[in-house]
Amino acid sequence: MAASVLCRRTAVLHRHFKHISGSQCAILLQTAKYNPRPLRLNLNEPYVPDKDSTKTPEWQKTAKYDAKLYGRYGSASGLDPARLWPSHGQLDNIITEEKEWQPSLEVMLKNIELKEKEETEKRQAKERLIAANMAKMPKMVADWRREKREAKQKQKDDKARREKLLAVARERFGFAVDPRSPKFLEMVAEIEKEDKKKKKLMKRMLKGEQAAAPVTPPAATS
Amino acid sequence: MSFPKKPGGKALDVLQNLPRISLANMRPEPGAGRTSKRRGRGQHGGNRSGRGHKGERQRGNRPRLGFEGGQTPFYLVIPKYGFNEGQSRRPQYQPLSLKRLQYLIDVGRVDTTQPVDLTQLVNGRGVTIQPLKKDYGVQLVDEGADIFAAKINIEVQRASEGAIAAIERNGGVITTTFYDPISLGILIKPVPFFLRGQPIPKRMLPGQDMVPYYTDAENRGYLADPEKIQQARLALAQKYGYILPDLSKDELYHMLSTRKDVRQIFFGLAPGWVVNMSEKKILKPTDEKLLQYYSS
């Protein structure tokens, strides 16, 4: 109540409201009405430029300025209001421009769908590739580990062989031979030759055994 | 017989009889103003007035901010990366908190008995929009969602989920719409536009990047399906834990359900009309081609 007394706006409304419906005494909050700035349109002395005179600047003879004149003075400007809208030619231009630069909602939605589909396809292809490669991984890991082990083993074998050769050379010559010297190399070549001969003999023997073995059992069974 | 005591009493008498307030009969509260520091009044005549001893400091010739004496400064050493790329072209939305909106409604600057539009907000000087600074409208922020208590039909350009929930919890309606920059300029300053004498243009559709936002029912977009919006309202009510009030039984249902057409800028005015302020008339085109263009 005090609030409405102090503020004259709500007071007036409060009294008015009371007249209407005394039973429902609700405080109606009045809104601050939009008090617009006064439009100084100068309707008593309108300035309408003379189209034919050469003294009027060019920009006062354009269609845009005419529209502004009409906007300010209305029919007092003496303009045909039909000129405010675009002519048929201008309208055609506008429509073609709009068609080119502003696609309709359906077209945009379709484009969005296509883009999304493309994106999901890409993503899924990538994921599939990753999955396939990950599936190969255990085998690749095992292979790699095996190769590493074999390389290590080979290295060890080589080292052992070289140690043996050095030992043999040591026994033969009586002193530590440099593995790069020609004597050592000759010795290595001899040993290899002997090894080859042995292997050949072994092969022949094995072949002879194999030839004998399949012949005799069928003879035994039959 | 006692008179009914006049409310206000002596205070009201005082208010009504004292002369009008002017600068001559007002003074600030004791302790209101803080006296500023005055340089050059200290012991020994102020001496250097707090400027230091010789050099650029005292003579006021210090180099620009960021200069490091010739060493490549920090702001040039760090290489560029596209964080701010296209920054000046990104759409901006002026934030409007629910706290401020509640304040505007309480004080009476925004009328809740009519649909609240960006025009109403700007008329009530609630927000300031600058379309030339890449502002594309106003966004509703959920600060003050706990104190918000007003049933309104509001139309903004972006809204956070909390803000949507707060408005719908109080029985209101919120819609997110798109205004292209020209339409926005017309929307926030309608009278200067009408003085230009141009026909009201069609509102353009959002660009392809914004179409998903405005066709989404979660954001209450104006291009979304009304059924999906209803489902989204129910889902949001469940998520935030309030009972969704039934709008069809509301007495203000007609006002709450008024929404603008996709191509409409003003309530009650269609594209193609010319509004004349001096004669208070509306001119409508009669040419078929124009009508077809403006209603497409």
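Residues numbered from 1 in each chain as written. Chains lettered and ligands numbered in written order. Predicted model: local features only at pLDDT ≥ 70, side-chain atom pairs only at ≥ 80, totals over all residues. Heavy atoms only, no water.

(A) Representation of the overall build of chain B. Helix and strand counts for chain B stand at 12 helices and 7 strands. Compactness check: chain B gives a C-alpha radius of gyration of 28 Å against a globular reference of 19 Å for 296 residues, more than 25% above the reference. Principal-axis analysis of the C-alpha atoms gives chain B an extent of 85 × 85 × 55 Å. Each of the 296 residues in chain B was classed as buried or not, and the buried ones make up 39%. In chain B, the share of contacts with a sequence separation of at least 24, taken over all contacts with a separation of at least 6, comes to 58%. (Helix = DSSP H or I, 4+ residues; strand = E, 2+ residues; numbered from the N terminus. Rg over C-alpha atoms; globule rule 2.2 N^0.38 Å. Buried < 20%, exposed > 50% of the residue type's maximum accessible area, 1.4 Å probe, protein only. Contact = heavy atoms within 4.5 Å.)

(B) The arrangement of the interface of chain A and chain B in detail. Each side of the interface is counted separately: chain A has 38 residues, and chain B has 40 residues. A combined buried area of about 3100 Å² lies between chain A and chain B, and 66% of that area is made up of carbon and sulfur atoms. Salt-bridge contacts for Asp92 of chain A lead to Lys289 of chain B; the nearest nitrogen and oxygen are separated by 2.8 Å. For the pair chain A and chain B, the number of links is 11 residue pairs in polar contact (both at pLDDT 80 or more). Residue assignment for the side of chain A that touches chain B shows that the elements contributing at least two residues are helix H1 (2–6), helix H3 (63–73), helix H4 (88–101) and helix H5 (105–173) of chain A. Residue composition of the side of chain A that touches chain B, by class: 24 nonpolar, 9 polar and 5 charged. (Buried area = accessible area lost by both parts, 1.4 Å probe. Salt bridge = Lys/Arg side-chain N within 4 Å of Asp/Glu carboxyl O. Polar contact = N/O pair within 3.5 Å; in protein donor to acceptor, adjacent residues only side chain to side chain. Nonpolar A, V, L, I, M, F, W, Y, C, P; charged D, E, K, R; others polar.)

(C) Fine view of the side chain of Asn276 of chain B. Structurally, Asn276 of chain B can be placed in strand E6 (residues 274–276). In terms of polar contacts, Asn276 of chain B uses its side chain to reach the backbone carbonyl oxygen of Tyr70 of chain A, at 2.9 Å. A distance of 2.9 Å separates a polar atom in the side chain of Asn276 of chain B from a polar atom in the side chain of Ser278 of chain B.

(D) View of the pairing of strand E3 (residues 153–156) of chain B. All names here are of chain B. Covered by surrounding structure in E3 are Asn153 and Glu155 together with Ile154 and Val156, the residues of both alternating faces. Strand direction decides the pairing type here: E3 and strand E5 (residues 173–176), joined by 4 bridges, are parallel. Along E5, the bridge assignment pairs Ile154 with Ile174. (Pairing = 2+ DSSP bridges.)

(E) Up close: the pattern of salt bridges. Residue and element names in this part refer to chain A. If you walk through the whole model with that rule in mind, you get 17 salt bridges over all chains. Among the salt bridges present, the one from Arg146 reaches Asp143, with a minimum N-O distance of 2.8 Å. Here Asp143 and Arg146 lie together in helix H5, a separation of 3 residues that amounts to about one turn. Residue classification places Arg146 among the partly exposed residues on the basis of a relative accessible area of 37%. Judged by relative accessible area, Asp143 falls into the partly exposed class, the value being 23%. By sharing partners, the salt bridges in this structure join Lys139, Asp143, Arg146 and Glu150 into a single network.

(F) Up close: the packing of helix H6 (residues 161–169) of chain B against helix H10 (residues 226–240) of chain B. All names here are of chain B. Orientation of H6 relative to H10, taken along the N-to-C sense of each, is 95°, at an axis distance of 10 Å. Taken together, the axis directions place H6 and H10 in an arrangement best described as roughly perpendicular. Residues Glu161, Gly162, Ile164, Ala165 and Glu168 of H6 form the contact with H10, whose own contacting residues are Arg233, Leu236, Lys239 and Tyr240. Taken together, the residues of the contact of H6 with H10 break down into 4 nonpolar, 1 polar and 4 charged. (Axes fitted to C-alpha atoms, helices over the stretch in contact; angles between N-to-C directions. Parallel < 35°, antiparallel > 145°, perpendicular 65-115°, else oblique.)

(G) Representation of a negative patch on the surface in the model. Residues and elements named next belong to chain A. A surface patch of like charges, here negative, comprises Glu113, Glu116, Glu118 and Glu119. Within the fold, Glu113 resides in helix H5. Accessibility expressed as a relative area gives 56% for Glu113, which makes it exposed. (Patch = residues over 30% accessible without salt bridge, like charges linked within 9 Å, V, L, I, M, F, W, Y side chains within 5 Å. Areas by Shrake-Rupley, 256 points an atom, 1.4 Å probe, with all protein chains shown as cover. Lys, Arg positive; Asp, Glu negative; His and termini not counted. Charge placed at Lys NZ, Arg CZ, Asp CG, Glu CD.)

(H) How the structure looks around the confidence of the model for chain A. Residues and elements named next belong to chain A. Looking at chain A as a whole, the pLDDT averages 83, with 82% of positions reaching at least 70. Taken element by element, the predicted model of chain A shows its lowest mean pLDDT in H1 (40) and its highest in H4 (96). Contacts from residues 1–27, a stretch scored under 50 in pLDDT, to residues over four places away or in other chains number 15 contacts. (pLDDT = per-residue confidence, 0-100.)

(I) Region of interest: H5 of chain A. Residue and element names in this part refer to chain A. Along its 69 residues, H5 runs 97 Å from first to last C-alpha, staying within 8% of the 102 Å computed at 1.5 Å per residue. Roughly 40° is the biggest bend found in H5, and it falls at Met137, with proline Pro138 one to four residues downstream. Buried within H5 are the following residues: Met108, Ile112 and Ala169. After H5 finishes, the residue Gly174 shows a positive phi value of roughly 90°. (Expected span 1.5 Å × (residues − 1). Bend = angle between axes of the 7 residues up to and from the residue.)

(J) Representation of a nonpolar patch on the surface within the structure. Together, Ile130, Met134, Met137, Met140 and Val141 of chain A give the surface a local cluster of nonpolar side chains, amounting to about 450 Å² of exposed area. Turning to its location among the elements, Met137 of chain A is positioned in helix H5.

(K) Inspection of the nonpolar core at higher detail. Residue and element names in this part refer to chain B. Formed by 44 residues in total, the largest nonpolar core has its most connected members in Leu98, Leu101, Leu118, Leu121 and Leu140. Mapped onto this core, the elements with two or more residues apiece are helix H4 (98–107), helix H5 (118–123), strand E2 (135–141), E3, H6, helix H7 (181–188), helix H8 (190–195) and H10. Element by element, the count of residues in this core is highest for H6, at 5 residues. Leave out the neighbours within four places in its chain, and Leu121 touches Leu96, Leu101, Leu104, Val110, Val116, Gly126, Val127 and Val138. (Core = buried A, V, L, I, M, F, W, Y, C linked by side-chain atoms within 4.5 Å.)

(L) Summary view of the sheet that holds E2 of chain B. All names here are of chain B. Taken together, 3 strands build an open sheet; the order of strands is E1-E2-E4 and the sheet is parallel. Of all the strands in the sheet, just strand E1 (92–97) and strand E4 (158–159) have a single pairing partner and so form its edges. Pairing geometry for E1 and E2, over 6 bridges, is parallel. The residue of E2 that forms the bridge with Pro95 is Gln139.

(M) Structural detail: the packing of aromatic side chains. Residues and elements named next belong to chain B. For the structure on display, the rule yields 9 aromatic pairs over all chains. Centre to centre, the rings of Tyr136 and Phe178 are 6.2 Å apart; their planes meet at 45°, and the pair counts as tilted. In this pair, Tyr136 is assigned in strand E2 and Phe178 in the loop between E5 and H7, connecting sequence segments 42 residues apart. Ring geometry for Tyr214 against Tyr222: centres 5.8 Å apart, planes inclined by 85°, an arrangement best described as edge-to-face. The exposure class assigned to Tyr214 is buried, which follows from its relative accessible area of 0%. Taking the relative accessible area as the measure of exposure, Tyr222 reaches 10% and is therefore buried. Sitting over the ring of Tyr213, Arg158 keeps its end group 4.1 Å from the ring centre. When the ring centre of Trp273 is taken as origin, the NZ or CZ atom of Lys284, which lies over that ring, is 4.1 Å away. (Phe/Tyr/Trp six-rings, centres within 6.5 Å; stacked < 30°, edge-to-face > 60°. Lys NZ or Arg CZ within 6 Å of the ring centre and 35° of its normal.)

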